[in-house]
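Below are the chains, spelled out letter by letter.
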Amino acid sequence: MQDQHIASAFDRDLEGIQALIMKMGGMVETAISDASRALDMRDTELAEIVRKNDKAVDALEEEVVAEVARVIAVRAPTAGDLRTVLTVLKISANLERVGDYAKNLAKRTSVLSEMPMINGSGGSIRRMSKSVNLMLKDALDAYIQRDIDLAADVRQRDAEIDQMYNALFREFLTHMMEDPRNITACMHLHFIAKNLERMGDHVTSIAEQVIYLVTGEMPDEDREKKDRTAYVGTPDGA
Amino acid sequence: MMNDMRITERTMSNEIKIAAKGVDVFYGDTHAIKDVDVEIENKAVTAFIGPSGCGKSTFLRCINRMNDTIDVCRVSGDIHLEGEDIYAKDVDPVQLRARVGMVFQKPNPFPKSIYDNVAYGPKIHGLARNKAELDEIVEKSLRRAAIWDEVKDRLDAPGTGLSGGQQQRLCIGRAIATAPEVLLMDEPCSALDPIATAQVEELIDELRASYTVVIVTHSMQQAARVSQKTAFFHLGNLVEYGNTDMIFTNPSDSRTESYITGRIG
């Protein structure tokens, strides 16, 4: 297929909305790593910056929606162009949600920094947030490169995030059973782990959009899911 | 998720009305249509799209042997209408054109009354035994062409006095007055304003209940709106033919994608 439209303004429009997505993606990546570092270092100032910066991510999402609406109205995109604007719209919504989870992580950091540390949890959460952030980076790279192999790889890696969350879930249960004074901190930490797990789901959705963008079809729902926490406490899920 | 789009109001008969096989058309030394195979479905709208000079109008004109009227034009291959070879020696092109009607780019009503424009075809083909039957055919045709209410009080007025959009609907009424099975439309809206275009498109959608419609259009949006099947022609080749929804969301040939997304003319 030819790369360029006869109407070069159409190319600029499509490049423009994709540039907004990449900008948004960069901001969300920073939010995840800063929120995680703030939690690690008990740095409430950095946590506050993450909370504030989320407004900019939200504003970018609105800008993407407005631009997509304009491009649809003016250009009536079809085929690959249509899939580009549709995926941009969905990915911006995913990124906005990931940004929200990062903000929530930062909020809980302010509370947690006043409490005693929970042994061993810091490292696990740090690893989990690193993995999620790497998945996000790869999903966005896959988007820009139209690389469906990388996107498929990102999809598969969500199972690792689920497993990390399972492990943390059990760890927090143990801590809470050992000493009820751990409950408040563990509840916050559990929500943080849960938020990271949800981030992984949104990143997976971004990777699926890449596959749809390139192939015109959504991937089959055959990937491995490892979040078993819904069954903890049942005879099978013990 | 996207697949669901294709299910909505896309019921088709799946019967083949027109089957073309190995069709080649030459204008003198110019090879205008190259070995085209296509099967056009009964009671559906099929759109032919492609850049200027791609052969889509030429191919359309093969279906009612309009190319016979051009001396240098030579058509080979098979085109069957309901299993009959329309290029067989015993086929009278005039009779064929009563079965395969045509509507042109520019509305071209005869310089006669509105009534006579529609009555002309049925009269010469002997479709009405008396004035009452002819009146009935005229009214039915104009109703089907969605223009009856606008002209019923001035059937004696000249057809050329109507607005462009009304003239085109009058021409569609004239084309369906001979009770054709197939309606060929060559850019029927290119001389019309957006409102008249919308009215003709609405009409095309209604007509497919009774007729097989084949439309040549330069407007890809129009093809997407009115047709169930789309054929993309390029440089005399039929590049891709398939369900309109697929052609416009996920075409399989990169040339089709380049054309519909505005990357090649």
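Residues numbered from 1 in each chain as written. Chains lettered and ligands numbered in written order. Predicted model: local features only at pLDDT ≥ 70, side-chain atom pairs only at ≥ 80, totals over all residues. Heavy atoms only, no water.

On inspection of all chains with the given rule, the structure shows 32 salt bridges over all chains. One salt bridge connects A:R181 with A:D179, and the closest N-O pair in it is separated by 3.1 Å. According to the relative accessible area criterion, A:R181 is exposed, its value standing at 72%. Using a relative accessible area of 21% as the deciding quantity, one classes A:D179 as partly exposed. Salt-bridge contacts for B:D149 lead to B:K152; the nearest nitrogen and oxygen are separated by 3.6 Å. Sharing partners across several salt bridges, the network here consists of B:K17, B:E82, B:E84, B:R99 and B:E181. (Salt bridge = Lys/Arg side-chain N within 4 Å of Asp/Glu carboxyl O. Buried < 20%, exposed > 50% of the residue type's maximum accessible area, 1.4 Å probe, protein only.)

The α-helix advances 3.6 residues per turn, and as a result positions three or four apart in sequence lie on the same side. All names here are of chain B. Between its first and last C-alpha, helix α6 (residues 164-176) extends 19 Å over 13 residues, near the 18 Å set by a 1.5 Å rise per residue. Burial runs high along α6: twelve of the 13 residues are buried. Buried residues of α6: G165, Q166, Q167, Q168, R169, L170, C171, I172, G173, R174, A175 and I176, and no others. Looking at the buried positions of α6, the neighbouring elements they touch are β6 (100-103), α3 (114-124), α4 (131-144), α5 (148-151), β7 (182-186) and α7 (194-207). (Helix = DSSP H or I, 4+ residues; strand = E, 2+ residues; numbered from the N terminus. Expected span 1.5 Å × (residues − 1). Contact = heavy atoms within 4.5 Å.)

Here we take up the nonpolar core. Residues A:I32, A:L95, A:I125, A:L136, A:F172, A:I192 and A:M199 are the most contacted members of the largest nonpolar core, which totals 63 residues. Ranked by residue count, the leading element in this core is helix α6 (residues 183-215) of chain A, at 13 residues. The contacts of A:M199, once residues within four sequence positions are left out, are A:I32, A:V98, A:Y101, A:A102, A:L105 and A:V132. With 46 residues, the next largest nonpolar core counts B:I137, B:I176, B:Y211 and B:F232 among its residues. (Core = buried A, V, L, I, M, F, W, Y, C linked by side-chain atoms within 4.5 Å.)

With that settled, the discussion passes to the packing of aromatic side chains. Tallied over the entire structure, the rule returns six aromatic pairs over all chains. When the centroid spacing of 5.2 Å and the interplanar angle of 70° are considered together, the rings of B:F110 and B:Y120 count as edge-to-face. With B:F110 in the loop between β6 and α3 and B:Y120 in helix α3, this residue pair connects regions lying ten residues apart in the sequence. Residue classification places B:F110 among the partly exposed positions, given a relative accessible area of 28%. Arranged with centres 5.1 Å apart and planes meeting at 20°, the rings of B:F232 and B:Y259 form a pair that is stacked. Remark: B:Y259 occurs in helix α10 (residues 254-260) and B:F232 occurs in strand β9 (residues 229-234); sequence separation between them is 27 residues. Feature note: the residues B:F48, B:F59 and B:F233 constitute an aromatic cluster, connected by ring pairs. For the cation-ring pair, A:R97 lies above A:Y101, with the distance from its terminal atom to the ring centre recorded as 5.3 Å. Between B:K229 and the ring centre of B:Y241, over which it is positioned, the NZ or CZ distance is 5.5 Å. (Phe/Tyr/Trp six-rings, centres within 6.5 Å; stacked < 30°, edge-to-face > 60°. Lys NZ or Arg CZ within 6 Å of the ring centre and 35° of its normal.)

What follows covers the sheet that holds strand β8 (residues 212-216) of chain B. Residue and element names in this part refer to chain B. Across the sheet, six strands lie side by side as β6-β7-β8-β3-β9-β10; this open sheet has mixed pairing. In this open sheet, the two edge strands, each paired with only one partner strand, are β6 and β10 (237-243). Taking the axes of each pair of neighbouring strands and ignoring which way they run, one obtains an average angle of 15° across the sheet. Bridging between β6 and β7 involves four bridges; their strand directions are parallel. Within β7, the residue paired with V100 across the bridge is V182. Contacting β6 and β7, α6 runs over the sheet at an angle of about 170° to β6. (Pairing = 2+ DSSP bridges. Axes fitted to C-alpha atoms, helices over the stretch in contact; angles between N-to-C directions.)

Moving on, we get to the environment of B:R97. Residue and element names in this part refer to chain B. Relative to the elements of secondary structure, R97 occurs in helix α2 (residues 93-99). Residue classification places R97 among the partly exposed residues on the basis of a relative accessible area of 24%. Through-space distance from the C-alpha of R97 to that of D71 is 18 Å; in sequence the pair is 26 residues apart. When near neighbours in sequence (up to four residues on either side) are disregarded, R97 contacts N64, R65, M66, D68 and T69.

Bringing the interface of chain B and chain A into the picture now. Counting residues at the interface gives 15 residues for chain B and 19 residues for chain A. A combined buried area of about 1500 Å² lies between chain B and chain A, and 54% of that area is made up of carbon and sulfur atoms. Summed over the shared surface of chain B and chain A, the result is one salt bridge. A salt bridge links A:D81 to B:R263, with the shortest nitrogen-to-oxygen separation between them at 3.1 Å. Joining chain B to chain A, the criterion identifies eleven residue pairs in polar contact (both at pLDDT 80 or more). (Buried area = accessible area lost by both parts, 1.4 Å probe. Polar contact = N/O pair within 3.5 Å; in protein donor to acceptor, adjacent residues only side chain to side chain.)

Moving on, we come to the packing of helix α1 (residues 8-41) of chain A against helix α2 (residues 44-75) of chain A. Packed helices, taken two at a time, are described by the angle between their axes plus the distance between the axes. All names here are of chain A. Relative to each other, α1 and α2 sit at 160°, their axes nearing to 9 Å. The angle between α1 and α2 falls in the class roughly antiparallel. Helix-helix and strand crossings are classified by hand; for α1 and α2 the assignment is left-handed. The class makeup of the residues in the contact of α1 with α2 is 20 nonpolar, one polar and nine charged. (Parallel < 35°, antiparallel > 145°, perpendicular 65-115°, else oblique. Left-handed = near helix turned anticlockwise from the far one by under 90°. Nonpolar A, V, L, I, M, F, W, Y, C, P; charged D, E, K, R; others polar.)

Bringing the side chain of A:D158 into the picture now. All names here are of chain A. Counting through the fold element by element, D158 comes out in helix α5 (residues 148-178). For D158, a relative accessible area of 1% gives the class buried. Excluding residues within four positions of it along the chain, D158 makes contact with M135, G200, D201, T204 and R223.

Another aspect to go through is a nonpolar patch on the surface. Residue and element names in this part refer to chain A. Where nonpolar side chains cluster on the molecular surface, the patch consists of I183, M187 and F191 and spans about 240 Å² of accessible area. Residue position: M187 is located in helix α6. Judged by relative accessible area, M187 falls into the partly exposed class, the value being 37%. (Patch = residues over 30% accessible without salt bridge, like charges linked within 9 Å, V, L, I, M, F, W, Y side chains within 5 Å. Areas by Shrake-Rupley, 256 points an atom, 1.4 Å probe, with all protein chains shown as cover.)

Our focus in this paragraph is the pairing of β7(B). Residue and element names in this part refer to chain B. A large share of β7 lies buried, amounting to five of its five residues. Pairing between β7 and β8: five bridges, direction parallel. Paired with V182 across the two strands is T212, which belongs to β8.

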